[in-house]
Every structure is written in structure tokens, then in C-alpha cells.
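Residue-level structural notes
If you want the building blocks of each chain, they are given just below.
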Amino acid sequence: MPPPAWLANNMPTLLRPGLLLVTAIYHFIMTLLEVIFIDRNPKSLFAFTKFRHRAFARLWTYNGAAMSLQMAGSCFEMMQKTSGIVLDIGPGSGELVGRFDSSKITAIYGAEPAVDLHPGLLEKAQKAGFGDKYHALLCGAEPESLIPALHKSGILTVSGTGGTAESGIFDEICCLRVLCGVPHPKETIKGLYALLKPGGRMLICEHVVNPWREEGSVKARIMQAVFTVLGWPFFMGGCSLQRHTLEFLREAGEWEKFELEYAVEKDVVPFVVGELIKKL
Ligand SMILES: C[S@@+](CC[C@H](N)C(=O)[O-])C[C@H]1O[C@@H](n2cnc3c(N)ncnc32)[C@H](O)[C@@H]1O
């Protein structure tokens, strides 16, 4: 007997994240086995954040390229326009780095906490023509990790470590499929706002909580909760399907321009895409 029409129509959208979750669980288990039987270092599992980055890096190494052929909304067009001194948050293995126009960029800093993704990132940055303009930083977006790394790289001068930038230093900050996984997102996004120069641009392509009260979908919103209970954040490197990123961005500070649009808003993984300009 064929499934009812509503189920047949919704199946691909509702179950696609399920396939990704199964793939993530597979890579999580493989990483666990590598640590125990190849590295013979089960104690390292106590450094769970490091382990999680490694497991996610394995998943991304196998699946990142396929998942980067298409991006929601006008993401690729916005990347082409990126210029000046740029901070790219969580660039992964650099699947998207070739979408920037390297001739417009003075210097680019990629804040990527998964060390296993760095070789791929640097290789793709070279292929994209960045030469020594690309700086891969081994850190996360959260201020307590990012600020010391920027300090060490020489671009940020602060007194001591763990401080905040007094005035912005970046012309552009790119957040592409990454804010879903940063710890304490409100504070982290505020920290990024502080690093942006007045008049600077923040480029956003992020998946968020389904806007079911407006143009979204109740079914998709329920499935977000179901996948979360099934362990999505645990197996997907801390990624949250239910994050209110749009609100966190709006509240981060004063914006001259705040233009974000939903893409695939009926989906379990709906995106907000657009650009924000910091008030002068
Ligand atoms: C889904 S991938 C996206 C990679 C890239 N931005 C893209 O769109 O192709 C998420 C990336 O964020 C990184 N990440 C995880 N936690 C992070 C954090 N706290 N700060 C910055 N990046 C993080 C992951 O290691 C991974 O490379």
C-alpha cells in the first residue's frame, strides 16, 4: 500500500536530516574506535570537546564537499563581494574558500577549532590564490578562544588574554553554517560584533530554529525537536537545530542594515541568509 500523500510529499524533507544523523553516528563510532584501538589512548576521550571536533572533522572530510555544492539563498554571490580584512568563522576544510575573490581580500583569518581540518583548509586556500594572505587559527569563535588566538596572530592588540577588542578590526566577518555549533551563542555573537569595524559587514548563512509561527512549518519544527532528542547535537559536533540565531544577531548590537531572509523555511534545516552592516 503506498504511503498517504502528505507523508510521501514530506518524506524527503523530513527524513534527509535523519540520513545525515546516521552518517554522523557512524563517524562518531569510527573515531571512537580509532582512539581506542589505533591511537591506544582512551584517556584522551576525557578531553571530550577535542574528541568531538575530531569526530566532526571525520564526518566533514567525507561529506563536506558534497554538502557545499549548493548553498542557501544568495550566499555565493555575497561571498564574491567580500573584501578587506576578513574573519571567517569555522571555515572547515575550506570547501567554500574558493567562492571568495582572493584579489579583493587583503588578509583572511579562518578560526577553525578542528585541527584535522587545517591541512585541507590551507591546501584549498592556496588553490584559491590566497598565498600568505590566509591565516588559519586553531581556535573557536567564542571570545575566550578567539581573542587570544587573534592576539597571538598579531592582528589584535589587547592587554592580557581573554579581553575584548576595544574597536573593531575586521571589515567583514563570515558566519557560514557555524553559529549553530558555537558555545554560549549570545555572548559569542556579541563578541563577533565587537570585532567588526563600524560600517563593517557580517555575512550570514546559518540554519536556525524553524519559524513555525510565521512562514515555517509545524511538522518541521516538531522534527527538529525529535532529531535533537535522538542525539543530533551530541553526534553532530554540538550543532543545534533549534537555535534562535536570528534574534541573537539582532540583539548583538546596533546595525545600520539588517537584511536576513529565510530560505527553505518549511524544512527541518531552514536557513537565514543575508548581510548585516554595523552602525557607524
Ligand atoms: C558545518 S561546518 C561548516 C564549514 C564551513 N563554514 C562551510 O560552510 O563550508 C562547521 C564548522 O564549524 C567548526 N566549529 C565547530 N565549533 C566551532 C566553534 N566553537 N567556533 C568556530 N568554529 C567551530 C567545525 O569544526 C566545522 O569546521
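Residues numbered from 1 in each chain as written. Predicted model: local features only at pLDDT ≥ 70, side-chain atom pairs only at ≥ 80, totals over all residues. Heavy atoms only, no water.

By the naming in an unreviewed UniProt entry, the protein chain goes by S-adenosyl-L-methionine-dependent methyltransferase and is assigned to Massarina eburnea CBS 473.64.

1. Some thoughts on the sheet that holds strand β5 (residues 196-207)
Across the sheet, 7 strands lie side by side as β3-β2-β1-β4-β5-β7-β6; this open sheet has mixed pairing. Two strands lie at the open edges of the sheet, namely β3 (134-137) and β6 (255-263), each paired on one side alone. If you compare each strand with its neighbour and ignore which way they point, the axes differ by 15 degrees on average. With 4 bridges connecting them, strand β1 (residues 84-89) and strand β4 (residues 170-176) associate as parallel partners. Within the sheet, the bridge partner assigned to Asp88 lies in β4 and is Cys174. In this fold helix α5 (residues 143-153) packs onto β1, β2 (105-111), β3 and β4, with an angle of close to 140 degrees to the strand it touches most, β3. (Pairing = 2+ DSSP bridges. Helix = DSSP H or I, 4+ residues; strand = E, 2+ residues; numbered from the N terminus. Axes fitted to C-alpha atoms, helices over the stretch in contact; angles between N-to-C directions. Contact = heavy atoms within 4.5 Å.)

2. Regarding a nonpolar patch on the surface
Together, Ile29, Leu33, Ile36, Phe37 and Ile38 line one region of the surface with nonpolar side chains, adding up to about 470 Å² of accessible area. We classify Ile29 as partly exposed; its relative accessible area is 41%. (Patch = residues over 30% accessible without salt bridge, like charges linked within 9 Å, V, L, I, M, F, W, Y side chains within 5 Å. Areas by Shrake-Rupley, 256 points an atom, 1.4 Å probe, with all protein chains shown as cover. Salt bridge = Lys/Arg side-chain N within 4 Å of Asp/Glu carboxyl O. Buried < 20%, exposed > 50% of the residue type's maximum accessible area, 1.4 Å probe, protein only.)

3. Some points on the side chain of Glu275
As for its position among the elements, Glu275 is in strand β7 (residues 271-278). Reaching out from Glu275, the side chain makes a polar contact with the side chain of Lys257 at a distance of 2.7 Å. In this view, Glu275 contacts Met78, Lys81, Arg201, Met202, Lys257, Phe258, Glu259 and Leu260; residues no more than four positions away in its chain are not counted. (Polar contact = N/O pair within 3.5 Å; in protein donor to acceptor, adjacent residues only side chain to side chain.)

4. Things to note about the packing of α5 against helix α6 (residues 185-195)
Packing of α5 against α6 brings their axes to within 10 Å, and their N-to-C directions diverge by 30 degrees. Between α5 and α6, the interaxial angle falls into the category roughly parallel. Contacts between α5 and α6 involve Pro143, Leu146, Ile147 and Leu150 on the former and, on the latter, Glu187, Thr188, Gly191, Leu192 and Leu195. In terms of residue class, the contact of α5 with α6 is built from 6 nonpolar, 2 polar and 1 charged. (Parallel < 35°, antiparallel > 145°, perpendicular 65-115°, else oblique. Nonpolar A, V, L, I, M, F, W, Y, C, P; charged D, E, K, R; others polar.)

5. A look at the site of the ligand
In the vicinity of the ligand there are 21 residues, among which Gly90, Glu112, Ala141, Leu176 and Arg177 approach most closely. For the ligand, a nitrogen atom lies 2.8 Å from a polar atom in the backbone of Leu176. In this structure, an oxygen atom belonging to the ligand sits 2.8 Å away from a side-chain N or O atom of Arg177. Protein contacts shield 92% of the accessible area of the ligand, which totals 580 Å² for the unbound molecule. The element contributing the most residues to the shell around the ligand is helix α2 (residues 48-63), with 3 residues. In terms of residue class, the shell around the ligand is made up of 14 nonpolar, 4 polar and 3 charged. (Near = heavy atom within 4 Å.)

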